[in-house]
Amino acid sequence: MKTRILGRSGLKVSALGLGCMGMSWAYGAPGDRSEMVKLLRDAVDLGVTLFDTAEVYGPLINEELIGEALEPVRNNVVIATKFGWELDPNGGAWPIGLNSRPEHIKKVADASLKRLRTDHIDIFYQHRVDPSVPIEDVAGAVADLIKAGKVGHFGLSEASAETIRRAHAIQPVSVVQSEYSLWSRDPELEVLPTLEELGIGFVPYSPLGRGFLTGAFSADAKFAADDYRAKNPRFTAEALQKNNILVDKLKAIATQKGATPGQLALAWLLTRKPWIVPIPGTRKLSRLEENVGAVSLELNDDELAAIEEAINSNQIEGQRYHENELSMVNR
């Protein structure tokens, strides 16, 4: 496994990380715990060192899963988790709102440490920017946690360039995480240039478009009621039919390369900047091995041009989130 350094933070990780959310949350019933523990340890054996979780995934059970699986190799991996939500006190699967008050951040950190079975969190992200709490106060709270040795690096998720700058002025931001893929390229406009200027690493989540860019979904694909994609604008039958035109073009390029469309999508991301580390998620060893194979896939100028042509000639149908969710990104 090749490695990369996330910006100027000095934090070295595998060139491809593992997004763990789907093992416990958002894509139907949680995976079998013993199978997911094994998959996480298989990932370590394949050279993956960056693992991404959050208190809200489950809620809570994904962090517990990561803690159990990675405790034996804790010193060899980088664990990222997130704060910023007010969880449902009645135990509901989805949060009831945002909460990035400093006292809440510190409470979440202590609880996450216990679930993760560790004495420090390598990367602590604000999951979504809370407009009711100045980002300077958020950065200050994380700075306190870093001074206490409970957190290694400060991260932001789906934050605007302006917010990143304001936070960075109080406590250096090591990593920013946002959705970024062949069909979600918003970070290229302002966020990526800002990160390059400030020396901040970038971790794209959903780098395979929630599975779509693997070519796994036909227009008549059906999703379980508790699968997030069942209500996502890009996964309606009409959207799938139109968006699969892009996937078909990517498949053709990948076939010529002796790769899968998913590998092509990940390899493309890895060409964007040397400080970008995608975190595709999966519940299957075969997919994990496929994704890891993308790290050694090199794309030449002609292939990159063909990919750009495929993207530019096909307008993506559907927004990446519903309006209420979009209102919480790029603040």
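Note: the structure precedes this text.
Nothing here was measured: the structure is a model prediction, and the numbers come from that model.

**Some details on the packing of helix 5 (residues 161-170) against helix 6 (residues 191-198)**
- One can describe the packing of helix 5 onto helix 6 by two numbers: an axis separation of 9 Å at closest approach and a directional angle of 25°. The orientation of helix 5 with respect to helix 6, classified from their angle, is roughly parallel. Contacts between helix 5 and helix 6 involve Ala 161, Ile 164, Arg 165 and His 168 on the former and, on the latter, Val 191, Thr 194, Leu 195, Glu 197 and Leu 198.
- In terms of residue class, the contact of helix 5 with helix 6 is made up of five nonpolar, two polar and two charged.

**Brief notes about helix 6**
- Those residues of helix 6 not exposed but buried are Val 191, Leu 192, Thr 194, Leu 195 and Leu 198. For helix 6, the angular spread of buried residues about the axis comes to 160°, placing them on one side.
- Tucked into the core, helix 6 has its buried residues touching helix 5, strand 10 (173-179) and strand 11 (201-205).
- Just downstream of helix 6 lies Gly 199, where phi reads positive at about 75°.

**Re the layout of surface pockets**
- As a volume, the second largest pocket reaches approximately 210 Å³.
- Lining of the second largest pocket is provided by 13 residues; of these, Asp 186, Pro 187, Val 191, Arg 320 and Asn 330 occupy positions nearest its centre.
- Classifying every residue of the lining of the second largest pocket gives six nonpolar, two polar and five charged.

**Some words on the pairing of strand 9 (residues 151-157)**
- Taking burial as the measure, the seven residues of strand 9 include six buried ones, the bulk of the element.
- Across five bridges, the pairing between strand 8 (residues 121-126) and strand 9 is parallel. What sits directly across from Gln 126, in strand 9, is Leu 156.
- Between strand 8 and its parallel partner strand 9, the chain crosses via helix 4 (residues 135-147), and the hand of that crossover is right-handed.
- As defined by bridge partners, strand 9 adjoins strand 10 across four bridges and the pair is classed as parallel.

**Looking at the pattern of salt bridges**
- Evaluated as defined, the whole model comprises 24 salt bridges.
- Across the pair Asp 110 and Lys 150 runs a salt bridge whose closest N-O atoms are separated by 2.8 Å. Note that Asp 110 is positioned in helix 3 (residues 102-116) and Lys 150 in the loop between helix 4 and strand 9, a separation of 40 residues in sequence.
- For Lys 150, a relative accessible area of 27% gives the class partly exposed.
- Between Arg 185 and Glu 188 there is a salt bridge; the shortest N-O distance is 3.0 Å.
- Judged by its relative accessible area of 18%, Arg 185 is buried.
- It is possible to trace a salt-bridge network through shared partners that takes in Glu 158, Glu 179, Arg 210 and Arg 320.

**So, the packing of helix 1 (residues 33-45) against helix 2 (residues 61-70)**
- Contact geometry for helix 1 and helix 2: axes closest at 9 Å, N-to-C directions at 55°. By the criterion of interaxial angle, the relationship of helix 1 to helix 2 is oblique. Here helix 1 and helix 2 pass one another in a crossing that is right-handed. Across the interface between the two elements, Arg 33, Met 36, Val 37, Leu 40, Arg 41 and Val 44 of helix 1 pack against Ile 61, Glu 64, Leu 65, Ile 66, Glu 68, Ala 69 and Leu 70 of helix 2.
- Of the residues belonging to the contact of helix 1 with helix 2, the class tally is nine nonpolar, no polar and four charged.

**As for the side chain of Asn 99**
- Summarising the element assignment, Asn 99 is placed in the loop between strand 7 (97-98) and helix 3.
- At a separation of 2.5 Å, a polar atom in the side chain of Asn 99 contacts the side chain of Glu 86.
- In this view, Asn 99 contacts Gly 84, Trp 85, Glu 86, His 104 and Asp 130; residues no more than four positions away in its chain are not counted.

**A short note on the sheet that holds strand 3 (residues 18-19)**
- Reading across from one edge, 3-4-5-8-9-10-11 is the order of the seven strands in this open sheet, with parallel pairing throughout. Pairing within the sheet leaves two strands with one partner each, and these edge strands are strand 3 and strand 11.
- Relative to strand 4 (residues 50-52), strand 3 runs parallel, the two being bridged by two bridges. Directly across from Leu 18, in strand 4, lies its bridge partner Phe 51.

**Some points on unusual backbone geometry**
- Look at the link from Gly 58 to Pro 59: it is a cis peptide, with omega at -5°.
- Residue placement: Pro 59 occurs in the loop between strand 4 and helix 2.
- Its identity is not glycine, yet Asn 330 carries a phi of approximately 55°, on the positive side.
- Mapping Asn 330 onto the fold places it in the segment after helix 11 (323-326).

Basis of the calculations
- Residues numbered from 1 in each chain as written.
- Predicted model: local features only at pLDDT ≥ 70, side-chain atom pairs only at ≥ 80, totals over all residues.
- Heavy atoms only, no water.
- Axes fitted to C-alpha atoms, helices over the stretch in contact; angles between N-to-C directions.
- Helix = DSSP H or I, 4+ residues; strand = E, 2+ residues; numbered from the N terminus.
- Parallel < 35°, antiparallel > 145°, perpendicular 65-115°, else oblique.
- Contact = heavy atoms within 4.5 Å.
- Nonpolar A, V, L, I, M, F, W, Y, C, P; charged D, E, K, R; others polar.
- Buried < 20%, exposed > 50% of the residue type's maximum accessible area, 1.4 Å probe, protein only.
- Arc of directions from axis to C-beta.
- 1 Å grid on protein atoms, 1.4 Å probe; cavity = no way out; pocket = protein on both sides within 12 Å on 5 of 7 lines; lining within 4 Å.
- Points joined across faces, edges and corners; volume = space filled by probe spheres on them.
- Pairing = 2+ DSSP bridges.
- Right-handed = clockwise from strand over helix to strand, strands pointing away.
- Salt bridge = Lys/Arg side-chain N within 4 Å of Asp/Glu carboxyl O.
- Left-handed = near helix turned anticlockwise from the far one by under 90°.
- Polar contact = N/O pair within 3.5 Å; in protein donor to acceptor, adjacent residues only side chain to side chain.

Don't take any of this as a statement about function, it's just geometry.
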